[in-house]
Amino acid sequence: VVGVAGGGVMSAVDASITAFVTIVTMFFILDWRLTLIAIVPLPFMAWGTSLIGQKNHDSFKNAQEAFSDLNNKVQESVSGIKVTKSFGYQDAEIDSFQAINQDVFEKNLIAAKYNALFDPMVLIFVGLSYLLTLIFGGLFISQGQLTVGELVTFITYLDMLVWPLQAMGYLFNISQRGAVSYERIESLLAKESDVTEVASP
């Protein structure tokens, strides 16, 4: 939640302004045809990011719940350590803890895998933008509709879009994690106490 409110908001503002100014410059000052071609992969990137974001949300939620179970298990084991020793349940407790710990590890590993997919996906679609730019830019140059210098300038501006796109992916990523954390906080605050206070006469 803190990451979303802090670095997330800063990244969103910075990336949005940079992306807007860059695309406007590319469209109105450089070459509007090449700009439209270069941004063709972006909607597909947004769609792919959305799919991974949902998976990331679910996997992070599962990881948080598993970690909560682990905390509960540790608390139960510590509070009942005398009973465990008295009845010789040490081996059973160790096996139970290892099973829960393994579950936490596996669910965090899944969450880490989905989390690691964001940057590569962004870079793949950025690479497609470069590829389309080079193909159609070369075609325009061969037809005399564009110069080599203008294509180099266009690619330089395309470079400036890499950071905003990565920042958007980063923002979407931490926003999914922030949403999970906020849901857990809300659920904890919504729980009513088992102890009811009796009004004094």
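The shown structure was predicted, so the numbers you read here are calculated from the model rather than taken from an experiment.

Engineer: Hey, could you run me through the overall build of the protein chain in this one?
Structural biologist: Check the secondary structure of the protein chain and you find eight helices and zero strands. In sequence order, the secondary structure elements of the protein chain are arranged as α-α-α-α-α-α-α-α. Each of the 201 residues in the protein chain was classed as buried or not, and the buried ones make up 29%. Intrachain contacts of the protein chain at a sequence separation of at least 6 include 86% that bridge at least 24 residues.

Engineer: It is not clear to me how helix α7 (residues 148–159) should be interpreted in this structure. Could you clarify?
Structural biologist: For an α-helix, the turn length of 3.6 residues means that residues three or four places apart are oriented alike. Spanning 12 residues, α7 covers 17 Å between terminal C-alpha atoms, matching the ideal 16 Å at 1.5 Å per step. Three or more residues of α7 are buried, namely Leu-151, Phe-154 and Leu-158. Seen along its axis, α7 keeps its buried residues to an arc of 60°; they face one direction.

Engineer: Please clarify how helix α6 (residues 118–142) should be interpreted in this entry.
Structural biologist: Taking 1.5 Å of rise per residue, the 25 residues of α6 would be expected to cover 36 Å, and the 36 Å separating its terminal C-alpha atoms lies within 8% of that figure. Within α6 the residues assigned to the buried category are Phe-118, Met-121, Val-122, Phe-125, Val-126, Ser-129, Thr-133, Gly-137 and Phe-140. Immediately downstream of α6, the backbone of Gly-144 shows phi near 75°, a positive value.

Engineer: Help me out: how do you make sense of the pattern of salt bridges in this one?
Structural biologist: Note that side chains of opposite charge can pair when their charged atoms are close. According to the stated counting rule, one finds two salt bridges in the structure shown. As a salt-bridge pair, Arg-33 and Asp-31 come within 2.9 Å of each other at their nearest N and O atoms. Of the residues examined, Arg-33 reaches a relative accessible area of 24% and is grouped as partly exposed. The partner of Lys-107 in a salt bridge is Asp-103, with the nearest N and O atoms 3.4 Å apart. Placement of the pair is Lys-107 and Asp-103 together in helix α5 (residues 90–116), with a separation of four residues, close to one helical turn. The partly exposed category is assigned to Lys-107, whose relative accessible area is 29%.

Each value, and the rule that gives it
Residues numbered from 1 in each chain as written. Predicted model: local features only at pLDDT ≥ 70, side-chain atom pairs only at ≥ 80, totals over all residues. Heavy atoms only, no water. Helix = DSSP H or I, 4+ residues; strand = E, 2+ residues; numbered from the N terminus. Buried < 20%, exposed > 50% of the residue type's maximum accessible area, 1.4 Å probe, protein only. Contact = heavy atoms within 4.5 Å. Expected span 1.5 Å × (residues − 1). Arc of directions from axis to C-beta. Salt bridge = Lys/Arg side-chain N within 4 Å of Asp/Glu carboxyl O.

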